[in-house]
Structure formats: C-alpha cells, structure tokens
Amino acid sequence: MHGGGRCPNDIRSHPNDWARGPGQPCAMSAIRAAAALLGPLRWHSQVRVACADVSAMNTEVERKLLAGVPALLVRPVAAPGPLPTVLWFHGLAADKDLHLAELRRFAATGLLAVGVDAVGHGERRLVDFEQQFACSPEDSLPLFKSLVARTVDEVPALIDALIAGGLADGGRIAVAGVSMGGCIVYGAVPSDRRLCAAVALMGSPERTQPGPGTLADERFFPTALLSITAERDSIV
C-alpha cells in the first residue's frame with residue numbers, strides 16, 4: 001500500500017474509501033466498541049437517529065486548540081458535560097477533518113468525539129510533507145515513527161485540557177485511530193492509564209516508538225483494547 005509518495009501504514013486509496021466504502025464496518029466497530037466500553041451513556045433527547053445516517057445527526061462541531069493541539073470537537077447538541085469521550089487519530093497524510101463523519105457517529109451515541117491533527121498533519125502539516133515521504137517505506141519509516149511518538153507525547157496534555165475544561169468525564173475516556181492513528185493508539189495506552197478503552201484499526205504496535213520496545217500484553221493492561229487488522233495487509 002506504499003508507493004507514489006505514500007508511506008508506511010497509509011491505507012487510503014481515496015480519502016473517503018475507508019470511511020464510506022469497504023472500510024466502513026471497521027469504523028462502526030470502533031464506534032460500537034468505544035460506546036460499549038465507556039459504559040452507560042447519557043443520551044441527549046434529540047439524538048435518536050441511526051448512527052449510519054450522518055446527515056440527520058443532531059450534533060454540533062467546534063474547532064479548538066487543546067494544549068496547543070488543533071482539534072475538532074463534536075458532541076450532541078446541548079448535551080451537558082462532562083461527557084464520556086473518545087479521542088480519534090487519522091491516518092498518514094490525512095487530517096482530523098477527513099473523519100468528521102465518524103466523529104458525528106461517535107457523537108450520536110452520546111460521546112464527545114475529539115478529532116486530533118497528528119504532529120506534522122492538518123493545520124500543522126509539514127511544509128515539505130510530500131518531499132519528506134516521497135521515498136521508500138524503509139527510508140521514510142524513521143520520520144513516520146518520530147511523528148507517531150511526538151503525537152503520543154501530546155496525549156496526556158490533551159486529556160488534561162479536556163478534563164480541566166469540564167468537557168470530558170475523566171473516568172470514561174477512550175482512544176481510537178486508523179492506520180497511523182492505530183499506531184498512535186498503541187503508544188497512547190501505556191502513556192496515559194486514564195484511557196480505559198482503545199480501538200486500533202490497521203495499525204501496528206511495532207511502529208509506536210522511535211527505538212526498540214516491548215510488545216508484551218502487559219504494556220496495554222488493564223485498558224480494554226480492540227485491535228483490527230487486515231489479513232492481506234503486507235505493510236502492517
């Protein structure tokens with residue numbers, strides 16, 4: 001899946017393929033798992049539509065800097081906070097706005113959904129991003145792992161900001177991501193034990209840190225972790 005400037009773990013053949021095409025079941029799995037693992041939710045009376053009907057969802061969107069990090073906050077309209085929360089991380093070369101549909105689906109279940117621009121992406125995209133990743137997967141891997149690690153390092157401050165602002169329920173916070181975002185999930189769980197649930201789609205724990213690390217299950221315990229990968233994916 002790497003070629004023509006694409007880089008390790010970038011699963012996008014088209015920006016919306018994974019969100020609206022064959023990958024949609026994975027997205028819905030993440031949403032259902034996060035909602036279930038975060039426990040009983042406070043449903044807003046106006047949020048009664050099916051999760052798949054994005055256009056009819058009664059949600060509100062806010063752009064915000066959280067601890068200096070560009071974020072997209074989506075929640076049920078007029079829902080009282082703090083809310084059970086899920087942090088969402090996109091794939092390589094994508095950004096938080098690409099997954100607005102998924103964030104709305106999360107919000108439709110009563111969650112505060114927070115889309116985050118990874119380091120070097122979105123509103124803080126590297127000015128020479130294409131040139132930096134126009135090499136082989138092997139040559140671009142160190143930069144990829146560096147961006148993952150730097151994004152992981154920001155997660156505790158993001159959680160602090162959400163709790164301090166009265167937005168997130170500190171006892172019910174989850175993290176989910178796809179491709180590069182899945183790698184970020186694997187790094188975020190051991191970095192902040194306040195994450196009680198995690199869903200990694202097409203990511204790899206081997207790409208979490210710049211240097212060697214342990215892949216032992218104990219690294220993620222006691223967080224409830226759902227990992228979904230593709231059998232024929234030769235990259236992850």
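Structural data are supplied above this passage.
Residues numbered from 1 in each chain as written. Predicted model: local features only at pLDDT ≥ 70, side-chain atom pairs only at ≥ 80, totals over all residues. Heavy atoms only, no water.

A. Summary view of the pattern of salt bridges. All told, the structure shown has 13 salt bridges when counted by the stated rule. The closest approach of N and O atoms between aspartate 117 and lysine 96, which form a salt bridge, is 2.7 Å. Of the two residues, aspartate 117 is situated in the loop between strand S4 (112-116) and helix H4 (129-132) and lysine 96 in the loop between strand S3 (83-89) and helix H3 (100-108); the sequence distance between them amounts to 21 residues. Assessed through its relative accessible area of 0%, aspartate 117 is described here as buried. When its relative accessible area of 1% is taken as the criterion, lysine 96 is described as buried. Across the pair arginine 172 and aspartate 169 runs a salt bridge whose closest N-O atoms are separated by 3.0 Å. Look at arginine 172 and you get buried, because its relative accessible area is 16%. Residue class for aspartate 169 comes out partly exposed when judged on its relative accessible area of 21%. Via salt bridges that share partners, Arg63, Lys96, Asp97, Asp117 and Glu123 belong to a single interconnected network. (Salt bridge = Lys/Arg side-chain N within 4 Å of Asp/Glu carboxyl O. Helix = DSSP H or I, 4+ residues; strand = E, 2+ residues; numbered from the N terminus. Buried < 20%, exposed > 50% of the residue type's maximum accessible area, 1.4 Å probe, protein only.)

B. Layout of the packing of helix H5 (residues 137-164) against helix H6 (residues 180-191). Relative to each other, H5 and H6 sit at 45°, their axes nearing to 9 Å. Judged on the interaxial angle alone, H6 and H5 are oblique. In the packing of H5 onto H6, the handedness of the crossing is right-handed. Every residue of H6 that contacts H5 at Phe144, Leu147, Val148, Thr151, Val152, Val155 and Pro156 is listed here: Met180, Cys183, Ile184, Gly187, Ala188 and Ser191. Grouping the constituent residues of the contact of H5 with H6 by class yields ten nonpolar, three polar and no charged. (Axes fitted to C-alpha atoms, helices over the stretch in contact; angles between N-to-C directions. Parallel < 35°, antiparallel > 145°, perpendicular 65-115°, else oblique. Left-handed = near helix turned anticlockwise from the far one by under 90°. Contact = heavy atoms within 4.5 Å. Nonpolar A, V, L, I, M, F, W, Y, C, P; charged D, E, K, R; others polar.)

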